[in-house]
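Structural description and commentary
As a plain string of letters, each chain reads:
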Amino acid sequence: MTQSFDAALQAFAPGLPLGVGLSGGADSTALLLACHARWPGQIVALHVHHGLQAAADGFESHCMALCQSLGIPLRSQRTDGRPQPGQSPEDAARRARYQALAALALAQPEQPAIDNIAIAQHADDQAETLLLALSRGAGAPGLAAMPARWERGGITWHRPLLQVAGRDVRAWLQAQGGGWVEDPTNADERYTRNRIRHRLLPVLEDVFPQFRDTFARSAAHAAQAGELLHELAAIDLAACGGAPPRIAALQGLSHARQANVLRHWLRTAHGVAASTAQLAQLQSQIAACTTRGHRIHIRVGGGFAVREGAVLGWYNS
């Protein structure tokens, strides 16, 4: 169920000191002010300068002035958020942002390391993420959308506003008299997420006023299903001889379980994800691998899945 801003912050119990991702926009500004009010002296603002637009210098200056006025330490880092060939601009910026935030959390000269970071995505962002996943034909992991809490690289990440509607975040900030900067790219409908935000969410609000709650419930169900698939894949991979898996053992699995364990193996052992077409081709070749001389050599992710005697291997191209 969606929550009020105050209720969400009251339920938030991170480890301290806490890093708060600060872009200068309304959502991150509201989160910073609320956390500073609750844990004065225990908050560090973390700002990422993507260098993707001329306004970025102004965002950084705004964040510096805001933190100086509140007495909040600010750590800032410039990063290259430009996409690689075949990578979406949104994905490139997101990956660069998380890498930079993690780097900022490390011990700085005469400053302690931070192992808890809060970021300000809210219920509308969650709905947009689910709709993006649906538009791309994602499976259970994609439909699980964004977790409220997760751990990676020794850092515990938090999204305390994930059950708060975006309008309620801004209403809270306006009631505090807080100011923020508007990112001009948020109005650029060349980006799919912006088209969802400006065109689809208003329609959903009109037709299904409770869509934030129902979408969150579906994402939670998908997350649970994803956990079960992960557990089953680990069992099946072990039964197939581990990494690399034995081809004969893979052939003994049902089509769905084989696909599940192949995804798991590629992701956990090699850090790659196969497209639907690549996985279908790989499974077809595994099924046809009935003679000693049968060769498997199929592009998967940034490398190739290959037959290596009795097992299935993968190498980076």
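Please read all numbers here as calculations on a predicted model, not as lab measurements.

Brief notes about the sheet that holds strand E2 (residues 43–49)
The mixed open sheet is built from six strands, whose spatial order is E3-E2-E1-E4-E6-E5. Each having just a single partner strand, strand E3 (74–78) and strand E5 (149–152) make up the two edges of the open sheet. Geometrically, the sheet is characterised by an average inter-axis angle of 25° between neighbouring strands, direction not taken into account. Pairing of strand E1 (residues 18–21) with strand E4 (residues 116–118), which is carried by two bridges, proceeds in the parallel orientation. Along E4, the bridge assignment pairs Val-20 with Ala-118. Contacting E1, E2 and E4, helix H2 (residues 26–38) crosses the sheet at an angle of about 160° to E1. Together, E2 and E3 form the strand contacts of helix H3 (residues 56–70), whose direction differs from that of E2 by roughly 170°.

Brief notes about the pattern of salt bridges
Side chains that carry opposite charge are capable of pairing whenever their charged atoms lie near each other. On inspection of all chains with the given rule, the structure shows 12 salt bridges. The residue Glu-205 makes a salt bridge to Arg-212 at a minimum N-O spacing of 2.8 Å. Since its relative accessible area comes to 9%, Arg-212 is described here as buried.

Digging into the side chain of His-264
Relative to the helices and strands, His-264 is located in helix H11 (residues 255–270). Residue His-264 is classed as buried on the basis of its relative accessible area, which comes to 6%. For His-264, the residues in contact, after removing those within four places along its chain, are His-230, Ala-233, Ala-234, Leu-237 and Ala-269.

Some thoughts on the UniProt feature "binding site: ATP" (unreviewed entry) in the chain
In the numbering adopted here, UniProt assigns the feature "binding site: ATP" (unreviewed entry) to Ser-23, Gly-24, Gly-25, Ala-26, Asp-27 and Ser-28. Classification of Ser-23 by relative accessible area gives partly exposed; the value is 42%. Within polar-contact distance, the side chain of Ser-23 engages the backbone nitrogen of Gly-25 at 3.1 Å. If you trace the backbone, Gly-25 turns up in the loop between E1 and H2. The class for Gly-25 is buried, based on a relative accessible area of 15%. When neighbours within four sequence positions are excluded, Gly-25 is seen to be in contact with Trp-180 and Val-181.

Considerations on helix H9 (residues 211–239)
When the terminal C-alpha atoms of H9 are compared, their 42 Å separation across 29 residues agrees well with the 42 Å that a helix rising 1.5 Å per residue should span. All of the buried residues in H9 are Phe-211, Arg-212, Asp-213, Phe-215, Ala-219, Ala-222, Gly-226, Ala-233, Asp-236 and Leu-237. Against the buried residues of H9 lie helix H5 (123–135), helix H6 (140–143), helix H7 (166–176), helix H8 (192–207) and H11.

Some words on the packing of H2 against H7
Where H2 contacts H7, the axes come no closer than 9 Å and their chain directions differ by 55°. Here H2 is positioned oblique relative to H7, judged by the angle of their axes. Here H2 runs over H7; the crossing is left-handed. Residues Ala-26, Asp-27, Thr-29, Ala-30, Leu-33 and Ala-34 of H2 touch H7, and the partners they reach there are Val-169, Arg-170, Trp-172 and Leu-173. Across the contact of H2 with H7, the residue classes tally to seven nonpolar, one polar and two charged.

Here we look at the packing of aromatic side chains
By the definition in use, this model includes seven aromatic pairs. Between the aromatic rings of Tyr-98 and Trp-157, the centroid separation amounts to 5.3 Å while the plane-to-plane angle is 70°, which identifies the pairing as edge-to-face. A residue pair is termed long-range when its members are at least 10 positions apart, and Tyr-98 in helix H4 (residues 89–105) and Trp-157 in strand E6 (residues 155–158) qualify at 59 residues. The class for Tyr-98 is buried, based on a relative accessible area of 11%.

Describing the pairing of E1
Here E1 shows no split at all, with Leu-18 and Val-20 on one side and Gly-19 and Gly-21 on the other all buried. Examined bridge by bridge, E1 and E2 share four bridges and lie parallel to one another. The residue bridging Val-20 from the neighbouring strand is Ala-45, located in E2. Remark: the E1/H2/E2 crossover connection has right-handed handedness.

Here we look at the domain arrangement of the chain
Domain parsing of the chain yields domain 1 (5–215) and domain 2 (241–315). For domain 1 and domain 2, the distance between their C-alpha centroids amounts to 37 Å.

Digging into the sheet that holds strand E7 (residues 297–300)
Strand pairing in a sheet takes place through backbone hydrogen bonds and is either antiparallel or parallel in direction. An order of E7-E8-E9 is seen for the three strands of this open sheet, with the pairing classed as antiparallel. Two strands bound the open sheet, and with one partner strand each, they are E7 and strand E9 (311–316). Direction aside, the axes of adjacent strands within the sheet are offset by 30° on average. Strand direction decides the pairing type here: strand E8 (residues 303–308) and E9, joined by six bridges, are antiparallel. Its bridge partner lying in E9, Glu-308 is registered against Val-311. Strand contacts of H11: E7 and E9, with the helix running at about 45° to E9, the strand carrying the most contacts.

How each quantity is defined
- Residues numbered from 1 in each chain as written.
- Predicted model: local features only at pLDDT ≥ 70, side-chain atom pairs only at ≥ 80, totals over all residues.
- Heavy atoms only, no water.
- Pairing = 2+ DSSP bridges.
- Helix = DSSP H or I, 4+ residues; strand = E, 2+ residues; numbered from the N terminus.
- Axes fitted to C-alpha atoms, helices over the stretch in contact; angles between N-to-C directions.
- Contact = heavy atoms within 4.5 Å.
- Salt bridge = Lys/Arg side-chain N within 4 Å of Asp/Glu carboxyl O.
- Buried < 20%, exposed > 50% of the residue type's maximum accessible area, 1.4 Å probe, protein only.
- UniProt positions renumbered as here; feature names shortened; annotations may be inferred.
- Polar contact = N/O pair within 3.5 Å; in protein donor to acceptor, adjacent residues only side chain to side chain.
- Expected span 1.5 Å × (residues − 1).
- Parallel < 35°, antiparallel > 145°, perpendicular 65-115°, else oblique.
- Left-handed = near helix turned anticlockwise from the far one by under 90°.
- Nonpolar A, V, L, I, M, F, W, Y, C, P; charged D, E, K, R; others polar.
- Phe/Tyr/Trp six-rings, centres within 6.5 Å; stacked < 30°, edge-to-face > 60°.
- Right-handed = clockwise from strand over helix to strand, strands pointing away.
- Domains from an automatic or database assignment.

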